[in-house]
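Each chain, written out:
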Amino acid sequence: MSSDLDVFVGNTTLIDEEVYRLWLDGHSVAEAVARRLRGGVLEREGTSVAVLQSDTRDHYRTFQMLERLLHAPPRLLQQLLFQIPPERQQLLVQRYYAFDEALARELLGKKLSKGTKKELDEVSARTGVGIRSCRRQFDNFKRVFKAVEELRGPLAENIQQLFLLPPPLARDYAAIVFFANSRFETGKRRLQFLSFADFAACAQSMMAHWSQGALAPEAAEPDGDLPKSFLQDLKELKVLVADKDLLDQHKSLVCSALRGKISVYNELEANFKALSRALVNVGGKLTHARDVRDFFVDLVEKVIEPCRSDKWSLGDLRLFLTHYTAAPRNLPGFRHQALWERYMAAITACLLRMYHD
């Protein structure tokens, strides 16, 4: 008499998404167990508190061992110690590098240094994000920044390749790196109405039109900086407001195109020259570090707030910027149309994103 015995041995690493979320949020094992108990896990699984505690500790040990691999996600794919299905690996990476927008908004434009890290206790209190989670997210921002700051090519693509992030998340990290490089002021009171998503959209537009990769893809400079040569060239655009004849002609072309088409035509006609000077001078000052820092402050103070005061709608602003940008094509003697359109493409995108009418 004989019998067959089938034996199956598996070593797949089990990942509990709920426990992973609790670990990422910075909860201790005891806190995680308490939250799982409140969630009714005992009733669902028919187990005991002792088993739940042991299970939670086991998951935490696994996550702590995995963390060094998550610092360089391609290593997670290459290692053989943890047998994790590809879709689970993707989940681990994406959730590890996901971040709270409230925290990112607080840190945007600040130097990713030890000094900033020391302020995280205050940031945690303001945002409601746990301090352990704040530190992990800050370290992620800094790690990504260090990895790509000297790399040639589009920031988002470099981040996506190095950290295996989905495109939307890679673009958000690119915005964080871009702001850390340029150190734009984002903390002033008049900028508090702008969200992280608003600033990220502006950064993406500025990189798309003003970065080294946009201007000269073959160049070897990193893509996270605004090229000094481009910023210097923007001074040439001041002729549009310094030359009285050009300024008058520009006004005439724009007002003729918009008469009867926007609800604030009278305000536009009365304030055109001040508005045009503000738009042109924002770019003309970007050769100085302080003026780069104040870029968004200037847009709000000198363009957005006056338009709000005159009750421009978002549609009014969009139509004005379209004709304002196009009109210089018909100005005899203006020789910087390509530079002008590249400059205004980013300015327009920023203003339309920032204008909450």
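The rules behind each value
- The numbers attached to residues start from 1 for each chain and follow its sequence in the written order.
- In keeping with the model being predicted, local features are shown solely for residues with a pLDDT of at least 70 and side-chain atom pairs are shown and tallied solely at 80 or more, while totals for entire chains, interfaces and linings include all residues.
- Values reported for side chains reflect all heavy atoms of the structure, with hydrogen atoms and water molecules removed beforehand.
- Numbered from the N terminus, helices here are DSSP runs of H or I no shorter than four residues, and strands are runs of E no shorter than two.
- Helix span, expected: 1.5 Å multiplied by one less than the number of residues in the helix.
- Categorising residues by exposure relies on relative accessible area from a 1.4 Å probe, with only protein chains included: less than 20% of the type maximum marks a residue as buried, more than 50% marks it as exposed, and the intermediate range marks it as partly exposed.
- Comment: arc refers to directions from the helix axis out to C-beta atoms.
- Between two residues, a contact is recorded if the distance between any of their heavy atoms is within 4.5 Å.
- When the centres of two rings from Phe, Tyr and Trp lie within 6.5 Å, Trp using its six-membered ring, the rings pair. Their planes under 30 degrees apart give stacked, over 60 give edge-to-face, and anything left gives tilted.
- Two thresholds decide whether a charge sits over a ring: the Lys NZ or Arg CZ must be within 6 Å of the ring centre and within 35 degrees of the ring normal.
- Start and end positions for the domains come from either an automated domain assignment or a database one.
- Within this document, salt bridges are pairs made up of a side-chain nitrogen of Lys or Arg and a carboxyl oxygen of Asp or Glu, the two lying within 4 Å of each other.

Let's shift gears to helix 17 (residues 244-258). Its 15 residues place the ends of helix 17 21 Å apart at the C-alpha level, agreeing with the 21 Å of an ideal helix rising 1.5 Å per residue. Along helix 17, the residues that are buried comprise Leu246, Leu247, His250, Val254, Cys255 and Leu258. Within helix 17, the buried residues cover an arc of 155° as seen down the axis, which keeps them to one side. Turned more than 90 degrees off the buried face of helix 17, the exposed positions are Lys244 and Asp245. Buried positions along helix 17 lie against helix 16 (239-242), helix 18 (265-284), helix 21 (314-326) and helix 22 (337-354).

Quick look at the packing of aromatic side chains now. In total, this model carries 29 aromatic pairs according to the counting rule given. A cation over an aromatic ring shows up here: Arg136 above the ring of Tyr96, its NZ or CZ 5.4 Å from the ring centre.

Our focus in this paragraph is the domain arrangement of the chain. Assigned domains within the chain: domain 1 (17-83), domain 2 (101-214) and domain 3 (228-354). Between domain 1 and domain 3, the C-alpha centre-to-centre distance is 54 Å.

Along helix 2 (residues 29-38), the residues that are buried comprise Ala32, Val33 and Arg36. Seen from one end, helix 2 has its buried residues packed into an arc of 100°, which puts them on one side. Facing away from the buried side of helix 2 by over 90 degrees, the exposed positions are Ala30 and Arg38. Residues of helix 2 that are buried make contact with helix 1 (17-24), helix 3 (41-45) and helix 4 (49-70). Following helix 2 by one or two positions, Gly40 adopts a phi angle in the positive range, close to 85°.

Checked against the element boundaries, Ser124 lands in helix 9 (residues 120-127). Excluding its chain neighbours within four sequence positions, the residues that come into contact with Ser124 are Val129, Gly130, Ile131 and Cys134.

Another point: the environment of Lys235. Mapped onto the secondary structure, Lys235 falls in the loop between helix 15 (228-233) and helix 16. Put simply, Lys235 and Ser195 are 40 residues apart on the chain and 30 Å apart in space, counted from C-alpha to C-alpha. With near-sequence residues (within four places) excluded, Lys235 lies in contact with Gly284 and Thr287.

Let us look at the pattern of salt bridges. Applying the stated rule across the entire model yields 20 salt bridges. One salt bridge in this structure joins Arg21 and Asp25, with 3.8 Å as the shortest N-O distance. Across the salt bridge formed by Asp248 and Lys244, the nearest N and O atoms sit 2.9 Å from each other. Separated by four residues within a single helix, Asp248 and Lys244 lie in helix 17, roughly one turn from each other. The exposed category is assigned to Lys244, whose relative accessible area is 57%. Counted as one network, the salt bridges with shared partners bring together Lys285, Asp291, Asp298 and Lys302.

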